[in-house]
Amino acid sequence: MSTLKLGDTAPNFDAETSIGKINFYDYLGDSWGILFSHPADFTPVCTTELGAAAKYKDEFEKRNVKMIALSVDGVESHKEWIKDINETQHTKVDFPIIADENKKISKLYDMIHPKADNTLTVRSVYVIAPNKTIMLTITYPASTGRNFDELLRVIDSLQLTADHKVSTPANWKKGEDVVISPSISNEEAKKMFPKGFKEVKPYLRLTPEPDMK
Ligand code: BEZ
């Protein structure tokens, strides 16, 4: 079992999926990636989660993020389940769902938490940058479905802060003011952030989101 941490390189793997065999790195290419695990096929919360993910296909694509899901059931089960998801959630799942029957990938990514459940994966999320660095991990229990608006929000923050020396404050959403990194002096900040900034405290300086027109 490994424990992957922020900043680690996401391990590569080959996998059977609902869309055929894939190599993880080849699948991701130069895109960002989001890898999320589900406890099991034909379960209610997972059905709503995969439906929610499929409905946000355009939002993930806009952000250049490739989605890939995982559960420990087999390919044929996944294909049957996808029909149910499409029917009940009024959508079309077209991203791959990994069939991790031998739990090779679940173990590689530490998605089985034995004290929660000895065999099923918990609801893990990994967001991976184009250079394959792990940028975010979140773990939810089986009883709580994930909030895909929050996943998009955090991806917006990760992508913004990868390009600019800023951080995003509590409950930040795209378009709102961001925080200037404390390592930047006021002199540097004046040049770096031509829209200006507001100094609430010397360590708390707010500036409009740099990417916004
Ligand atoms: C669900 O997706 O509803 C679920 C799966 C496993 C355990 C509990 C809930």
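Going by the structure above, here's the rest.
Residues numbered from 1 in each chain as written. Predicted model: local features only at pLDDT ≥ 70, side-chain atom pairs only at ≥ 80, totals over all residues. Heavy atoms only, no water.

Peer 1: Where do I start with the side chain of Ser157 in this structure?
Peer 2: As for its placement among the helices and strands, Ser157 is situated in helix H6 (residues 148–163). According to the relative accessible area criterion, Ser157 is buried, its value standing at 12%. Here Thr168 takes part through its side chain, which lies 2.8 Å from a polar atom of the side chain of Ser157. Ser157 has contacts with Thr168 and Trp172, leaving out every residue within four places of it along the chain. (Helix = DSSP H or I, 4+ residues; strand = E, 2+ residues; numbered from the N terminus. Buried < 20%, exposed > 50% of the residue type's maximum accessible area, 1.4 Å probe, protein only. Polar contact = N/O pair within 3.5 Å; in protein donor to acceptor, adjacent residues only side chain to side chain. Contact = heavy atoms within 4.5 Å.)

Peer 1: Could you clarify how one ought to interpret the site of the ligand in this entry?
Peer 2: Near the ligand, the surroundings consist of Pro39, Thr43, Pro44, Val45, Cys46, Arg123 and Ala142. The contact in question runs from an oxygen atom of the ligand to an N or O atom on the side chain of Thr43, over 3.0 Å. Contact between the ligand and Pro44: an oxygen atom at 3.3 Å from a main-chain N or O atom of the residue. At three residues, the largest contribution of residues to the shell around the ligand is made by helix H2 (residues 44–55). Of the residues belonging to the shell around the ligand, the class tally is five nonpolar, one polar and one charged. (Near = heavy atom within 4 Å. Nonpolar A, V, L, I, M, F, W, Y, C, P; charged D, E, K, R; others polar.)

Peer 1: Explain the nonpolar core here, please?
Peer 2: A general tendency of soluble globular proteins is for nonpolar side chains to be buried together. Of all hydrophobic cores here, the largest spans 45 residues; its most connected members are Ile34, Phe36, Phe95 and Tyr109. Per element, the largest residue contribution to this core is six residues, and it comes from H6. Look past the residues within four positions of Ile34 in its chain and what remains in contact with it is Phe60, Val65, Lys66, Met67, Ile68, Val125, Tyr126, Val127, Leu151 and Ile155. Ranked by size, the runner-up nonpolar core spans eight residues in total, among them Leu160, Val166, Ile184 and Ala189. (Core = buried A, V, L, I, M, F, W, Y, C linked by side-chain atoms within 4.5 Å.)

Peer 1: Is there a simple way to think about the environment of His164 in this case?
Peer 2: Mapped onto the fold, His164 is located in the loop between H6 and strand E8 (166–167). The contacts of His164, once residues within four sequence positions are left out, are Pro210 and Asp211.

These figures capture arrangement, not role.
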